[in-house]
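Chain and residue survey
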Amino acid sequence: MSRALSPAQSVFKKPLYLAITLLCASGAASAQTGESKILEEVLVTAQKRVQTLQEVPISVAAVTGDKIERMGVENLEDLTAYVPNIHFTETGLSTQMRIRGIGSDNSQGFEQSVGVYKDGIYHSRAQLFRAPMFDVERVEVMRGPQGTLFGKNSIAGAVDIIAAKPTEDFEGRVTGSYESEFKTKELNGFVSGPLSDTLNGRLAVRYYDDPGFMVNTFKNRDEPDSEEKSVRGSLAWEASDNLDFVLIAEHNSFDVLGRAIEVTQDLPSVADDFPPRGLTYQQILSGFGATFDSNADYRRQSNSPEFSNNKIDSLTLRADYQMGDYTLTSLTGGLRFDYKENCDCDFTPVDFFHLDMYEDYEQFSQEIRIASPEDRSFTWIGGLFYQTYDQTFNDDFNIPQASPLSLLVNPALANTRIARHFNQGSDTWAIFAEGTWRATDKLALTLGARFTEEDKDAHKTMNIESLVTGDVINSPTLAGLFALVFNTDTEQGTGHNLNASRSESAFTPAFTISYDVSDDVMTYGKISKGFKAGGFDPRTNKADRFEFEEEKVTAIELGSKMRFMEGRSELNVAIFHMDYEDLQVSQFDGAVGFNIGNANSTIVQGIELDGRMQVTNHLTASYGAAVLDFEYEDFTNGNCYFGQTSDSTVGTDEFCDYTGLRGVYSPEITLNLGFQYVRPIGAIDFVAGVDAQWVDKQQVHVNLDPRGEIDAYTMLDARLGIEGDNWELALLGKNLLDEEIISYSANMPLSEQLFETNTYYSFLRRPRTIALEATFKF
């Protein structure tokens, strides 16, 4: 869908598009000017050592802090536009991140398939994925299981966000930006430098205000209205010649009013009786004064307060001690977050019900490792890891006095709620080691393994309570209504007061062989195993679906990393095959909840390539591509989508067979192409950049309804600027083709259960934006 540009955007649009044209044409013209400089090396720590990207024998991509700053990357969702085979989406109840189509679905009880780390500390809960990104040195994306060095729950891959560190020289920067169409404002900056001869410090701050890009026509306001505040302080202390400390403390708060949700499909009811047979959900609800459309047009209707208030605090202490030629590293991390949310989870302007959610999470981790010298024929790293966390999650399913449910179902439902209380604790310890033997100047063999053991305890209750007094309502009749209409087991009905424990252990080995064909070409092969813990599901409404099992993977990867043109070009290729056992999948239950099942067997395979080229002294190109084949080889216990005939029944639960289908967020092809152009013009530099990503059609409906497949789309971002010694001025455009992208779809609660309409709610990504950005450096 194309949208009209504001006058300010119209002014900005032409120079940005002109910059794209100039960049694409400049390569051929500039190539005749003479010899080009070589590419700068990219350093990564994907194997817990500082290495160049080209010598690491795994599929890893690195996005530099400079790139993140220049292209206005605000969070992990923005980052996905620059790395193939990685996907991010927000849903009504959680946040999801996937690599190669593998991720964790809707449940606050899930461990994450994609392990996200900040400076080496595991950020294990989905809500943490929403945290802002600022003052970053680089982000490393490791694709495929990373069980040896990063541990359990990195079964799909790992993302490590490395913050910028204190500098020995005094420096600072302040950047402000303003986007005219939606009036988005951002201010961020840092100061860094020496505090004494042995102590350096850095302070970084960020403020972001976004009134929103959707219109809530019911409330006559723009949504989602976001305000984000972040601060990070870090100290680097050289305590002695052989002992260094780095301390990082960070606080983030991000508050949102409304959501980027609207109704995108509303098919007539197929109910046997008339009405509602032949009527759409909107037509049915018009009797209650509701008016909404089912077009993806950035217009929504919601009457709930609908907010999300989040706070995250973290503290990281790293100590490196040089014991002769060996390095002893201690990494200590403390993490806490809490959030309060109100969700208009019927997704209509009719006040059927709303959810109040609260989560509090505290985590502590300690890792101690020792690394051998790197100039030996045999190098190794080994260590111990411990983590403990406590989690509390509550939500209230509230039916107000004026809810039409009291008229449509039973007056007894008015002013009641289902109160869900969930507590979980976990203790994990692991021992790991990895050694590399350079058998010859060209051949290296690496063997690694990790043994992990985890004890997990959980308690959950679901009670019917008065919305007025908060007292429990001991009514079997009311419990029967909740079971019939909402498919919900309660303590007042069949019972829902659960206590459970799990103890699991896993041995995850990995073996890699690499061979230097020449000084510029390295090939490798790797076989590894991964493990993701089982657990307990706070989101399910069925007492007998509380516990779910662990998942496992065996992965094979063959790859090569190559340099060409005397260091002016790089190409990396990886071919992978991953065999998942008992993949954890959460799907909508057709009423108001989600259930987790385990797909017995899933095969994910494909090819990835990425590279860079220094086309001229002034022009650098980057590119990437991914081909992905995803298939459920044995998944017979999936939740059915609307209108689907069940294939099996267990008790009162009906299941559908998804064997042979692709999973969500697994596009067959993803392509990336980018250019960066820097040209001195007198005392200033002309700087332009363009990045494009083409993503193939893919399924975004949580229950794999064929109608939930979205078309292919192209994301196009560009930057045009001028820079002096201590200042920058730039235009920054995102989604310049104004693609309308649905990132998540599911059936609206109650529409299916009560009226048998196939009605979707969907999350939409932000449309085209063009911002003016100014930077002052000192």
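We now turn to the structure provided with this report. (Residues numbered from 1 in each chain as written. Predicted model: local features only at pLDDT ≥ 70, side-chain atom pairs only at ≥ 80, totals over all residues. Heavy atoms only, no water.)

Turning next to the overall build of the protein chain. Secondary structure assignment for the protein chain yields eight helices and 44 strands. Over its C-alpha trace the protein chain gives a radius of gyration of 27 Å, about what one expects of a compact globule, namely 28 Å for 778 residues. Its C-alpha atoms give the protein chain principal-axis dimensions of about 80 × 60 × 50 Å. Within the span of the protein chain, comprising 778 residues, buried residues form 59% of the whole. For the protein chain, the computed accessible surface area is about 29800 Å², with 55% contributed by carbon and sulfur atoms. (Helix = DSSP H or I, 4+ residues; strand = E, 2+ residues; numbered from the N terminus. Rg over C-alpha atoms; globule rule 2.2 N^0.38 Å. Buried < 20%, exposed > 50% of the residue type's maximum accessible area, 1.4 Å probe, protein only. Areas by Shrake-Rupley, 256 points an atom, 1.4 Å probe, with all protein chains shown as cover.)

For the coordinates displayed, the defined rule picks out two disulfides. Linked covalently through their sulfurs, Cys343 and Cys345 form a disulfide whose S-S length is 1.9 Å. Taking the sign of the S-S torsion, 105 degrees for the link of Cys343 and Cys345, the bridge is right-handed. When its relative accessible area of 0% is taken as the criterion, Cys343 is described as buried. Cys345 sits in the buried class, given a relative accessible area of 6%. Each sulfur in the disulfide pair Cys640 and Cys656 lies 2.0 Å from the other. (Disulfide = S-S within 2.5 Å.)

Bringing the pairing of strand β40 (residues 713-723) into the picture now. Counting buried positions over the 11 residues of β40 gives nine, a clear majority of the element. One ladder, built from six bridges, connects β40 with strand β41 (residues 727-734); its direction is antiparallel. Residue Leu720 lies in a different strand from β41, and its bridge partner there is Leu731. Hairpin connection of β40 to β41: three residues between the antiparallel strands. (Pairing = 2+ DSSP bridges.)

Strand order across the open sheet formed by five strands is β3-β9-β10-β7-β8, with mixed pairing between neighbours. Strands at the two margins of the open sheet, each flanked by one partner only, are β3 (60-64) and β8 (121-123). The sheet shows a mean angle of 20 degrees between the axes of neighbouring strands, direction not considered. One ladder, built from five bridges, connects strand β7 (residues 114-118) with strand β10 (residues 157-163); its direction is parallel. (Axes fitted to C-alpha atoms, helices over the stretch in contact; angles between N-to-C directions.)

Below, the discussion takes up the environment of Pro132. Positionally, Pro132 belongs in the loop between β8 and β9 (136-143). Residue Pro132 is classed as buried on the basis of its relative accessible area of 3%. C-alpha of Pro132 to C-alpha of Phe630: the two residues are 498 residues apart in sequence and 31 Å apart in space. Each residue touching Pro132, except ones within four places of it in the same chain, is listed here: Glu74, Lys118, Arg206, Glu228, Ser230, Asn252 and Phe254. (Contact = heavy atoms within 4.5 Å.)

There is a patch of like negative charges on the surface, built from Glu168, Asp169, Glu171, Glu238, Asp241 and Asp244. Along the chain, Asp169 turns up in the loop between β10 and β11 (171-179). (Patch = residues over 30% accessible without salt bridge, like charges linked within 9 Å, V, L, I, M, F, W, Y side chains within 5 Å. Salt bridge = Lys/Arg side-chain N within 4 Å of Asp/Glu carboxyl O. Lys, Arg positive; Asp, Glu negative; His and termini not counted. Charge placed at Lys NZ, Arg CZ, Asp CG, Glu CD.)

With that settled, the discussion passes to the nonpolar core. Counting 116 residues, the largest nonpolar core has Leu76, Met97, Val139, Val159, Phe486, Tyr580 and Tyr632 as the members making the most contacts within it. Non-local contacts of Leu76, meaning those with residues more than four positions away in its chain, are made with Phe88, Met97, Val116, Phe129, Met133, Val159 and Ile161. Within the second largest apolar cluster, 18 residues are counted, among which are Met142, Leu149, Phe150 and Phe432. (Core = buried A, V, L, I, M, F, W, Y, C linked by side-chain atoms within 4.5 Å.)

Take the side chain of Thr264 next. If you trace the backbone, Thr264 turns up in strand β18 (residues 261-266). Within polar-contact distance, the side chain of Thr264 engages the side chain of Ser762 at 2.6 Å. Those residues in contact with Thr264, other than ones at most four positions away along the chain, are Ser294, Ala296, Ile742, Tyr760, Tyr761, Ser762 and Leu764. (Polar contact = N/O pair within 3.5 Å; in protein donor to acceptor, adjacent residues only side chain to side chain.)

Spatial strand order, β15-β14-β19: three strands in an open sheet with mixed pairing. The open sheet has two edge strands, β15 (221-223) and β19 (299-300), and neither has a second partner. In terms of strand pairing, strand β14 (residues 214-216) meets β15 through three bridges, oriented antiparallel. Looking at β15, one finds that Met214 is bridged to Glu223.

As defined by bridge partners, strand β32 (residues 594-614) adjoins strand β33 (residues 619-634) across 14 bridges and the pair is classed as antiparallel. Bridge pairing in β33 links Val604 to Phe630. Following β32, the chain reverses through four residues before pairing antiparallel with β33. Sheet analysis places β33 next to strand β36 (residues 669-681), joined by nine bridges and oriented antiparallel. Looking at β36, one finds that Val627 is bridged to Ile669.

Per the counting criterion, the structure on display carries 55 salt bridges. The partner of Asp320 in a salt bridge is Arg318, with the nearest N and O atoms 2.9 Å apart. Exposure remark for Asp320: the relative accessible area of 19% places this residue in the buried category. With a relative accessible area of 32%, Arg318 lands in the partly exposed category. Among the salt bridges present, the one from Arg502 reaches Glu547, with a minimum N-O distance of 2.7 Å. Of the two residues, Arg502 sits in strand β26 (residues 497-518) while Glu547 sits in strand β29 (residues 547-548), which places them 45 residues apart along the sequence. A network of salt bridges, in which partner residues are shared, links Arg100, Arg143, Glu557, Glu608 and Asp610.

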